[in-house]
Amino acid sequence: MITKSNLYRKEKIYGYLFILPPILGLLIFTLFPFLYSLYGSFTDWDGLGQMNFIGLDNFRDLFSDELFYKSMYNTFFLMLGIPIGLVLALLLALGLNRKIPGTTTFRVIYYIPVISSLAAVSIMWNWAYNGDYGLVNQFLELFGIKGPNWLMDKDTVKPALILMTVWKGLGYTMLLYLAALQSVSRSYYEAAELDGASGFQMFRNITWPMVKPVTFFLVVTNIIGGSQIFTEMNIMTPTGGPEYSSASIVFYIWDKAFKNLQMGYASAMAMILGIFIFIVTLIQFKMNEKSSFDGD
Amino acid sequence: MSHSQRTKVTNTIIFIALAIGAIVMIAPLLWMLSTSVKEKQDVFALPPVWIPEVFQFSKYKEIWEAGPLLSGIKNSVIVAVSVTVIGTFTSSVAAFAFAKLRFPHKNKLFLALIASMMIPYPTVMIPQFMMFSKLGWVDTLLPLIVPGLFGNVVMIFFLRQYLLSIPDAIIEAAKIDGSSYFRLYSSITFPLIKPAIAAQLILWFMGIWNDYLAPIIYLNSPETQTLQLVIANFNATYAIQTDYPLIMAASIVALLPVLIIFLIFQKQIIESVAISGVKG
């Protein structure tokens, strides 16, 4: 006979058994490497020989390393694409939220760059930014503008990367905004219309507050994603660009760790990146708590 | 103008704006496609030639000889299929346990998994590399495959949320009937959440197929490289010879599989992304 306590014990065993793989995965591939990286950041680890504990030397060196500042600055500069992308995507979503023909087709077309391989589109944009024959300059030529050699000039390489990342991510942002807009009840707008509210007033008082949580979610995830940008520069500017002006922080970590075998130094940078992402995520959690109280 | 007329005019303007935007979005990819079938002199023509006079498909033959494209596809398929099939299984079983079974510390363990999402790959990649190099796995596909087999936290999270909306009564009834726990999962839960699993699996597949950072760290020799690395090398090698049709043809081949999957499953993919984003 199956007794109740017997049943429960079995359930417990199976429960642990079923969650064992991801828990083991967490310990082996995330937690252990993370702690190792933390320790490594205090050593002169070259990946081959011993790890000598050198205290805060790596961090001290970092703060006088010009390339570290440069790659940090570049990474943050490229995030200028985030607000541009958000505004464009919200406008698109507002358009697509109306009763017009072809909305499904539009959604699919705008989303295609999102699912496309980043390596392939980086190759494509690399060619599009070619100074002599690139698509971008040929387009500018129509207006009589002589475009620069985008990726070879330290002043244009970052705007070029921003344009590309906005193009790549627009469909995703638009989609989340559209989903949020569709969850807003029509009755709010109808009521506002009866009260004689203008289109702008409706946007400010109904639409904007309703999409605010999504905006916040997108800002946070875009900052986290943007702080890890790598593939684009690795393919388009394999040496880090003119005067290292397109190298991101992950590019610099990768360069130090796997090209120069300065694993300890690279780990220290990885820790700074980790702390930055931790803080951003923490802010998200705090804000989420707050907004759920606001909602009640 | 009446209200409905005004709406009509506004909608027409918006439609035109959206159409122009759509053309701008798709133009670079169409240009890539058109370049891949161009003759060399057309590539550099001013003004740009969008539809070449002669379609030259020879580059699509040449690419298979020009680099290890075929083995790149094979490697990408091996990694993506083995990880998504086995990883989806482990993830969905775990999601089932987290949502429907009772055991101590369940929520704490779940929270630990969720918290681990906060640790970004670049902060663990160096020790992971050292670990796999000690095992002698560098320049094999194993470092790309093995971690994925243990499951995917995003997927577990998504499926758990999905399962919470399914009433416990069905599970409880089967439990009392003496059904085994694995059967509870395989014959009751799994069929119920199949659509959610499918959408998540496709998204994960696309993520692995398009991954670049992990492969570039682990894979050196041409025969072990995944498709994304192979085409990146095409770019590095043939750009000097300005053989852009060849590079573009290879890139199109890299894009095509996910593009086809996307066009077939676009409805489920778009829905799944919209749900996870808005809830996230």
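Residues numbered from 1 in each chain as written. Chains lettered and ligands numbered in written order. Predicted model: local features only at pLDDT ≥ 70, side-chain atom pairs only at ≥ 80, totals over all residues. Heavy atoms only, no water.

As annotated in an unreviewed UniProt entry, chain A carries the name Sugar ABC transporter permease and is attributed to Paenibacillus terrae. Quoted verbatim from the Sequence similarities (unreviewed entry) heading of the UniProt record, the comment on chain A is "Belongs to the binding-protein-dependent transport system permease family." If you open the UniProt record of chain A and go to Subcellular location (unreviewed entry), you find "Cell membrane". (UniProt positions renumbered as here; feature names shortened; annotations may be inferred.)

**Focus: the overall build of chain B**
Secondary structure summary: chain B contains 13 helices and zero strands in total. By the compact-globule yardstick of 19 Å for 280 residues, chain B is too spread out, its C-alpha radius of gyration being 24 Å. Across its three principal directions, the C-alpha atoms of chain B cover 75 × 75 × 35 Å. Here chain B, with 280 residues, has 51% of them falling under the buried criterion. (Helix = DSSP H or I, 4+ residues; strand = E, 2+ residues; numbered from the N terminus. Rg over C-alpha atoms; globule rule 2.2 N^0.38 Å. Buried < 20%, exposed > 50% of the residue type's maximum accessible area, 1.4 Å probe, protein only.)

**Looking at the overall build of chain A**
From N to C terminus, chain A includes 13 helices and zero strands. Since a compact globule built from 296 residues should have a radius of gyration of about 19 Å, the 25 Å found for chain A marks it as more spread out than a globular shape. Overall, the C-alpha framework of chain A stretches about 85 × 75 × 35 Å when taken along its three principal axes. By residue count, 49% of the 296 residues in chain A fall in the buried class. Here the contacts in chain A between residues at least 6 apart in sequence split such that 65% fall between residues at least 24 apart. Put simply, chain A shows about 14500 Å² of open surface, and 65% of that area lies on carbon and sulfur atoms. Averaged over its 20 positive side-chain charges, chain A has a centre that lies 11 Å from the centre of its 20 negative ones. (Contact = heavy atoms within 4.5 Å. Areas by Shrake-Rupley, 256 points an atom, 1.4 Å probe, with all protein chains shown as cover. Lys, Arg positive; Asp, Glu negative; His and termini not counted. Charge placed at Lys NZ, Arg CZ, Asp CG, Glu CD.)

**Brief notes about the interface of chain A and chain B**
Listed as interface residues are 92 residues of chain A and, on the opposing side, 91 residues of chain B. Summed over both partners, the interface of chain A with chain B comes to about 8100 Å²; 80% of that surface belongs to carbon and sulfur atoms. The largest contributions to the chain A side of the interface with chain B come from Phe-18, Phe-29 and Trp-127 of chain A, which together make up 10% of the buried area. Remark: the boundary between chain A and chain B carries two salt bridges. The closest approach of N and O atoms between Arg-102 of chain B and Glu-11 of chain A, which form a salt bridge, is 3.4 Å. At the junction of chain A and chain B, the tally comes to 14 residue pairs in polar contact (both at pLDDT 80 or more). The dominant element in the side of chain A that touches chain B, judged by the number of residues it contributes, is helix H1 (residues 4–40) of chain A, at 24 residues. Of the residues assigned to the side of chain A that touches chain B, the class counts are 63 nonpolar, 21 polar and eight charged. (Buried area = accessible area lost by both parts, 1.4 Å probe. Salt bridge = Lys/Arg side-chain N within 4 Å of Asp/Glu carboxyl O. Polar contact = N/O pair within 3.5 Å; in protein donor to acceptor, adjacent residues only side chain to side chain. Nonpolar A, V, L, I, M, F, W, Y, C, P; charged D, E, K, R; others polar.)

**Overview of the UniProt feature "domain: ABC transmembrane type-1" (unreviewed entry) in chain A**
Here, the residues flagged by UniProt with the feature "domain: ABC transmembrane type-1" (unreviewed entry) are residues 67–284 of chain A. Helix makes up 74% of residues 67–284 of chain A and strand 0%, with an end-to-end C-alpha separation of 30 Å.

**Some points on the pattern of salt bridges**
Under the criterion given, the structure shown has eight salt bridges over all chains. When the shortest N-O distance is used, the salt bridge between Arg-60 of chain A and Asp-57 of chain A registers 3.2 Å. You can see Arg-60 of chain A and its partner Asp-57 of chain A sitting in helix H2 (residues 57–62), three residues apart, about one turn around the helix. As a salt-bridge pair, Lys-175 of chain B and Glu-172 of chain B come within 3.3 Å of each other at their nearest N and O atoms. You can see Lys-175 of chain B and its partner Glu-172 of chain B sitting in helix H9 (residues 168–176), three residues apart, about one turn around the helix. Of the residues examined, Lys-175 of chain B reaches a relative accessible area of 3% and is grouped as buried. The exposure class of Glu-172 of chain B is partly exposed, given its relative accessible area of 29%. Put simply, Glu-11 of chain A together with Arg-102, Glu-172 and Lys-175 of chain B are held in one network by salt bridges that share partners.

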